[in-house]
Amino acid sequence: MCGIVAVIGSREAAPLLLEGLRQLEYRGYDSAGLATVHTDEGQSSGLITCRRAKGKLVNLSRLIDEKGSPGYVGIGHTRWATHGKPEIHNAHPHRDSSGEIAVVQNGIIENHRALRHSLVSEGVKFDSQTDTEVIPHLISRELELLKGEGQEINGTMLLQAVQRVSSQLKGAFALAVVWAETPDALVVARRQAPLVIGLGEGEFICASDTPALAGWTRTILPMEDGEFALLTPLGIELYNEEGERQQRSPSLLSGFDQVVDKRQFRHFMLKEIHEQPETAELWVARHLPRGLSADSPVALPFEESFYEGIERVQILACGTSRHAAMVGAYLLEQFADLPTSVFYASEFRYAAPPLAPNTLTIGVTQSGETADTLAALLMEDERRSAHSDPAFASRQLGITNRPESSLSRQVQNIFDIGAGIEIGVAATKTFLGQLLAFYGLALAFAARRSSRKPEEILRLAEELKSVPNYLRDLVKHHDQLAEHLAHRFSDTQDVIFLGRGINFPIALEGALKLKEISYIHAEGYPAGEMKHGPIALLDPRVPVISIAVPGVVFEKVLSNAQEAKARDAQLIGIAPKGPETEVFDALMPIPDVCEWISPLLSVVPMQLLSYHIAALRGLDVDQPRNLAKSVTVE
Ligand code: AGP
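What you are looking at is a predicted structure, and each value in this text was computed from that prediction instead of being measured. (Residues numbered from 1 in each chain as written. Predicted model: local features only at pLDDT ≥ 70, side-chain atom pairs only at ≥ 80, totals over all residues. Heavy atoms only, no water.)

Draft legend 1. The arrangement of the overall build of the chain in detail. Looking only at helices and strands, the chain has 16 helices and 25 strands in total. Against the compact-globule benchmark of 26 Å for 634 residues, the chain has a radius of gyration of 26 Å, which places it among compact chains. Of all 634 residues assigned to the chain, the portion counted as buried reaches 59%. Partitioning the intrachain contacts of the chain with sequence separation of at least 6 by distance along the chain shows that 72% fall at a separation of at least 24. (Helix = DSSP H or I, 4+ residues; strand = E, 2+ residues; numbered from the N terminus. Rg over C-alpha atoms; globule rule 2.2 N^0.38 Å. Buried < 20%, exposed > 50% of the residue type's maximum accessible area, 1.4 Å probe, protein only. Contact = heavy atoms within 4.5 Å.)

Take a look at the structure:
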């Protein structure tokens with residue numbers, strides 16, 4: 001899960017590559033590199049300059065300032081290490097032995113060991129421990145063969161070599177290749193990893209994600225799975241996996257993709273937490289317009305046939321998206337009376353339950369690129385397509401923040417959460433967007449299944465309309481409070497998060513947020529489970545953060561909190577103000593709302609507290625160690 005950028009045009013490539021990489025740094029940031037091709041006047045062949053640096057992009061930028069990297073054609077990479085430590089020799093681009101072919105790759109070459117072994121037996125020497133390095137060596141071998149066949153040396157020859165090599169590679173990847181002998185050609189390819197081509201004026205930029213195109217062009221051509229492209233200053237030649245030329249019209253990027261700016265905030269994460277009222281407001285405007293009725297309480301982008309005959313739901317997701325799915329499952333089961341199961345996508349791939357009929361499979365992924373989620377959805381689609389009984393037909397929905405992502409090209413129906421680009425690696429506003437998507441589905445299914453009285457359905461829709469204002473107050477008041485409370489965590493090593501019912505997934509999410517950005521060990525539990533083991537961990541050094549919302553399990557959660565207090569744990573409550581919640585040593589108050597909508601609010605104090613604890617520790621909140629925004633490897 002790295003970021004790649006490639007450019008070809010009539011301007012110096014290095015500054016453009018660096019700017020593109022800066023926008024992709026969220027995908028990986030342990031090392032970075034670029035290679036450019038420079039041609040001297042009157043020469044048909046060029047020279048490749050390759051610059052690589054360990055650590056954040058700023059190190060590469062300094063290196064380029066110092067040493068330069070000339071040429072109008074180039075490729076760049078920001079890395080999240082999979083094979084080989086984050087060291088200069090493992091940073092991309094990787095080159096063949098002659099140094100004339102340079103490659104950047106995002107993904108994993110699963111058969112790299114066998115390929116490396118065969119290349120080594122032919123005498124090839126490797127410089128890195130990466131899976132990628134086999135590619136330039138293989139391309140070099142294919143180019144020699146093509147030359148031997150008497151072919152003309154040009155971009156088409158490079159394209160053919162890349163096509164031949166790709167057919168030898170197993171795994172999911174996107175790659176970009178330059179060759180010194182064809183200085184006016186750039187070849188890119190994608191297989192189950194994202195790659196989008198941007199069309200500028202007299203230049204093309206290719207990148208793993210659209211923010212890298214921001215400020216450059218809004219005209220894009222997302223590459224389809226299995227496609228190759230040969231880019232020259234004159235145009236694009238696009239080919240499918242079978243080598244057939246493709247003709248496709250470009251599309252326009254939406255406005256959101258253009259904005260990657262921290263505004264007055266210290267970190268993107270804080271900005272994105274503060275954007276949540278707007279996320280909710282947009283959602284309400286889009287999905288709860290005036291004039292809706294109990295029969296049709298929500299406006300969703302699906303035909304009536306989408307809902308017909310669905311008897312159960314299974315949701316596949318990872319990380320934060322899985323937590324949103326768990327709230328979703330609670331809503332679908334408890335509000336809409338629709339049996340629903342949630343799976344870790346990575347587990348589902350290898351241990352899927354027996355097929356059940358009339359099932360809607362939902363994939364939740366903010367990036368739309370998470371390899372495990374995409375592969376699990378694909379696997380489910382394939383096993384259902386192989387079934388002869390139409391009741392088992394594949395019916396899939398993707399919930400994502402990136403409607404132009406691979407997910408959207410893979411599943412039949414998409415729910416775009418429309419939260420706007422999220423740069424902080426820790427998901428915040430996209431989590432809220434995912435939750436809201438599930439509220440929409442729960443309303444839609446409840447109405448169709450008559451699982452709730454019309455007035456209950458309309459009440460939930462009305463409650464949801466108040467969420468933007470509640471959120472506005474919450475972010476305003478809790479920012480300072482969380483900053484103040486964060487000081488209590490200066491020496492903390494372990495934190496327990498408790499929640500129950502619809503707020504149990506929020507406890508899990510609180511623990512994940514804290515772990516991700518502050519590196520403090522944290523666990524979320526259903527409050528009732530504490531006494532079955534985790535309570536042994538409690539002492540005055542282990543704070544317990546408990547979500548207590550009036551409703552089905554309010555008293556139970558308060559009793560569980562008392563049990564923790566009796567073990568001298570420091571107790572922080574996320575609960576409405578009131579006599580019952582005086583049990584807490586500190587309170588992060590939330591409004592006394594109906595329990596159904598409480599997760600949309602209880603998550604905000606969690607996010608702010610995690611943020612301030614990490615910020616107070618001086619940690620890199622937006623780019624936490626070892627993580628990346630989009631996990632495109634298995
Ligand atoms: C969220 O804070 C995490 N960075 C991570 O758990 C994330 O939710 C997970 O990798 C899934 O990502 P996705 O939503 O893009 O599929």
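Draft legend 2. Just the domain arrangement of the chain, in detail. For the chain, the assigned domains read domain 1 (3-252), domain 2 (268-465) and domain 3 (475-634). The C-alpha centroid of domain 2 is placed 35 Å from the C-alpha centroid of domain 1. Each partner contributes residues to the interface: domain 1 has 10 residues there, and domain 2 has 8 residues. Summed over both partners, the interface of domain 1 with domain 2 buries about 760 Å², with 54% contributed by carbon and sulfur atoms. (Domains from an automatic or database assignment. Buried area = accessible area lost by both parts, 1.4 Å probe.)

Draft legend 3. The packing of helix 8 (residues 319-335) against helix 14 (residues 504-518), seen in detail. For the pair helix 8 and helix 14, interaxial distance at closest approach is 8 Å and the crossing angle is 165 degrees. Overall, the two elements helix 8 and helix 14 adopt an arrangement that is roughly antiparallel. Pair helix 8 / helix 14 crosses with left-handed handedness. Residues Gly-319, Thr-320, His-323, Met-326 and Val-327 of helix 8 pack against Phe-504, Pro-505, Ile-506, Leu-508, Glu-509, Leu-512 and Lys-513 of helix 14. The class makeup of the residues in the contact of helix 8 with helix 14 is 7 nonpolar, 3 polar and 2 charged. (Axes fitted to C-alpha atoms, helices over the stretch in contact; angles between N-to-C directions. Parallel < 35°, antiparallel > 145°, perpendicular 65-115°, else oblique. Left-handed = near helix turned anticlockwise from the far one by under 90°. Nonpolar A, V, L, I, M, F, W, Y, C, P; charged D, E, K, R; others polar.)

Draft legend 4. Local environment of the site of the ligand. Looking at the ligand, there are 15 residues lining it, with Ser-321, Thr-365, Ser-367, Thr-370 and Glu-516 nearest. Here an oxygen atom of the ligand and a backbone polar atom of Ala-427 are 2.8 Å apart. Contact between the ligand and Lys-513: an oxygen atom at 3.0 Å from a side-chain N or O atom of the residue. Alone, the ligand offers 410 Å² of accessible surface; in the complex the protein occludes 92% of this. Residue assignment for the shell around the ligand shows that the elements contributing at least two residues are helix 8 and helix 14. Split by residue class, the shell around the ligand holds 6 nonpolar, 7 polar and 2 charged. Split by domain, the shell around the ligand shows at least three residues from each of two domains, domain 2 (268-465) and domain 3 (475-634). (Near = heavy atom within 4 Å. Polar contact = N/O pair within 3.5 Å; in protein donor to acceptor, adjacent residues only side chain to side chain. Areas by Shrake-Rupley, 256 points an atom, 1.4 Å probe, with all protein chains shown as cover.)

Draft legend 5. Representation of the sheet that holds strand 13 (residues 235-239). Strands sit in the order 5-6-7-8-12-13-14 across an open sheet of 7 strands; the sheet is antiparallel. If you trace the sheet from one side to the other, it starts and ends with strand 5 (94-95) and strand 14 (245-246), each paired once. Pairing geometry for strand 13 and strand 14, over 2 bridges, is antiparallel. Each residue of the ladder has a partner; that of Leu-238, found in strand 14, is Gln-246. Here helix 4 (residues 134-148) sits on the sheet and contacts strand 5, strand 6 (101-109) and strand 7 (171-179); the angle it forms with strand 6, its principal contact strand, is near 125 degrees. Against the sheet, helix 5 (residues 155-166) touches strand 7, strand 8 (186-191), strand 12 (228-232) and strand 13, its axis set at about 160 degrees to strand 12. (Pairing = 2+ DSSP bridges.)

Draft legend 6. Broad picture of the side chain of Thr-361. If you trace the backbone, Thr-361 turns up in strand 18 (residues 359-364). Here Thr-361 falls in the buried class, since its relative accessible area comes to 1%. There is a polar contact of 3.0 Å between the side chain of Thr-361 and the side chain of Gln-314.

Draft legend 7. Region of interest: the packing of aromatic side chains. Within this structure, the stated rule accounts for 8 aromatic pairs. When the ring of Phe-302 is compared with that of Phe-415, the centres are 6.0 Å apart and the planes differ by 75 degrees; the resulting orientation is edge-to-face. Here the residue Phe-302 occupies a position in the loop between helix 7 (276-287) and strand 16 (312-317), and Phe-415 occupies one in strand 20 (residues 413-416), the gap between them amounting to 113 residues. Look at Phe-302 and you get buried, because its relative accessible area is 13%. Given a relative accessible area of 0%, Phe-415 falls into the buried group. Where Phe-343 meets Phe-348, the ring centres are 5.1 Å apart and the plane angle is 65 degrees; that geometry is what we call edge-to-face. The exposure classification of Phe-343 matches that of Phe-348, with both residues buried. (Phe/Tyr/Trp six-rings, centres within 6.5 Å; stacked < 30°, edge-to-face > 60°.)

Draft legend 8. Highlighting the sheet that holds strand 16. Taken together, 5 strands build an open sheet; the order of strands is 17-16-18-19-20 and the sheet is parallel. Either end of the sheet is taken by a strand with one partner, and the two such strands are strand 17 (340-344) and strand 20. Adjacent strand axes in the sheet meet at a mean angle of 20 degrees, parallel and antiparallel pairs treated alike. Relative to strand 17, strand 16 is paired through 5 bridges, and the arrangement is parallel. Each bridged residue has a counterpart across the sheet, and for Gln-314 the counterpart in strand 17 is Ser-341. Packed onto the sheet, helix 10 (residues 371-385) meets strand 16, strand 18 and strand 19 (396-400) and runs at close to 160 degrees relative to strand 18.

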